[in-house]
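Structural characterization, general
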Amino acid sequence: DRTVPLNVVQVETADGGLTWSEPRVVAAVAGKMPCEPYAFRSPDGRELCCLMRENTHTGNSLLMFSRDEGATWSKPQDTCWGLTGDRHQGLYARDGRLVIAFRDQAVDSPTRGHFTAWVGTYDDIKKNRPGQYRVKLLHSHAEWDCGYPGMERLPDGTILATTYIKYEPGKAKHSVACVRFSLEETDDRLNAGK
């Protein structure tokens, strides 16, 4: 229901999840619906970045930062267009770049509704730059219904991006699918197109 306001709340545990603090709202944005947060550390470990789905899907996703382990957060702001999506999950590649997978929801994107990855640096996110590139990982034949990604980097640098997706047309239902790729491969494809 897109008429019920959404906020992002934070809870904490000090005992491995046996008990939790009282929830507190950390992201509420007038006219927007932040949800599905994904928090990760800066390369130096001193800052947290939180990417959030924006559930009205009329603009960009949202992000905020914390330099005190989540005690306080910056005011949520729009991400760059290229990071606009749902259910972000990511990892650092061996060379320090970020690879963040999500269901693309960027307005006017040719891959909107499909399983997509953004490649760039933490500094790109901080400075609201577009990053290096985006890559369509899987085509969704269910229009908008895909993308609860899991991300893993293997010892050889191969990246695994796993999601549920309807990967073929027709009556077949959704499946769980995994895409294996390296940034060397995606970089080569990008450079071949230049």
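This structure is a prediction, so every number in the text was calculated from the model and none was measured.

Judged by pairing direction, the sheet is antiparallel, and its 4 strands sit side by side in the order S3-S4-S5-S6 without closing on themselves. Because the sheet does not close on itself, it has two edges, and the strands there are strand S3 (34-41) and strand S6 (77-78). The sheet contact formed by S3 and strand S4 (residues 48-54) spans 6 bridges and is antiparallel. Within S4, the residue paired with Pro34 across the bridge is Glu54.

With phi around 50°, Glu36 is a residue other than glycine that occupies positive phi space. Located in the positive-phi region is Asp108, a residue other than glycine, with phi close to 65°. Examined against the element boundaries, Asp108 turns out to sit in the loop between strand S8 (98-104) and strand S9 (115-120). A relative accessible area of 74% places Asp108 in the exposed class.

Looking now at the sheet that holds S9. Strand order in the open sheet made by the 4 strands is S7-S8-S9-S10, with antiparallel pairing throughout. Two strands lie at the open edges of the sheet, namely strand S7 (85-92) and strand S10 (133-138), each paired on one side alone. Shown here is a sheet whose adjacent strand axes are inclined to one another by a mean of 25°, direction ignored. As paired strands, S9 and S10 are joined by 5 bridges and run antiparallel to one another. What sits directly across from Thr116, in S10, is Lys136. On top of the sheet, helix H2 (residues 183-192) reaches S8, S9 and S10; it is set at about 115° to S10, its chief contact.

Formed by 19 residues in total, the largest nonpolar core has its most connected members in Val99, Phe115, Leu137, Met151, Ile159, Phe181 and Leu183. If you list the elements that add at least two residues to this core, you get S8, S9, S10, strand S12 (159-165) and strand S13 (175-181). Core analysis: the second largest hydrophobic core is formed by 14 residues, Phe65, Leu83, Leu98 and Tyr122 among them.

All right, on to the pairing of strand S11 (residues 150-153) then. Here S11 runs beside S12; their pairing, made up of 4 bridges, is antiparallel. Looking across to S12, one finds that Glu152 is bridged to Leu160. Adjacent in sequence and paired antiparallel, S11 and S12 are bridged by 5 residues, among which Gly157 carries a positive phi angle near 95°.

How each quantity is defined
- Residues numbered from 1 in each chain as written.
- Predicted model: local features only at pLDDT ≥ 70, side-chain atom pairs only at ≥ 80, totals over all residues.
- Heavy atoms only, no water.
- Pairing = 2+ DSSP bridges.
- Helix = DSSP H or I, 4+ residues; strand = E, 2+ residues; numbered from the N terminus.
- Buried < 20%, exposed > 50% of the residue type's maximum accessible area, 1.4 Å probe, protein only.
- Axes fitted to C-alpha atoms, helices over the stretch in contact; angles between N-to-C directions.
- Contact = heavy atoms within 4.5 Å.
- Core = buried A, V, L, I, M, F, W, Y, C linked by side-chain atoms within 4.5 Å.

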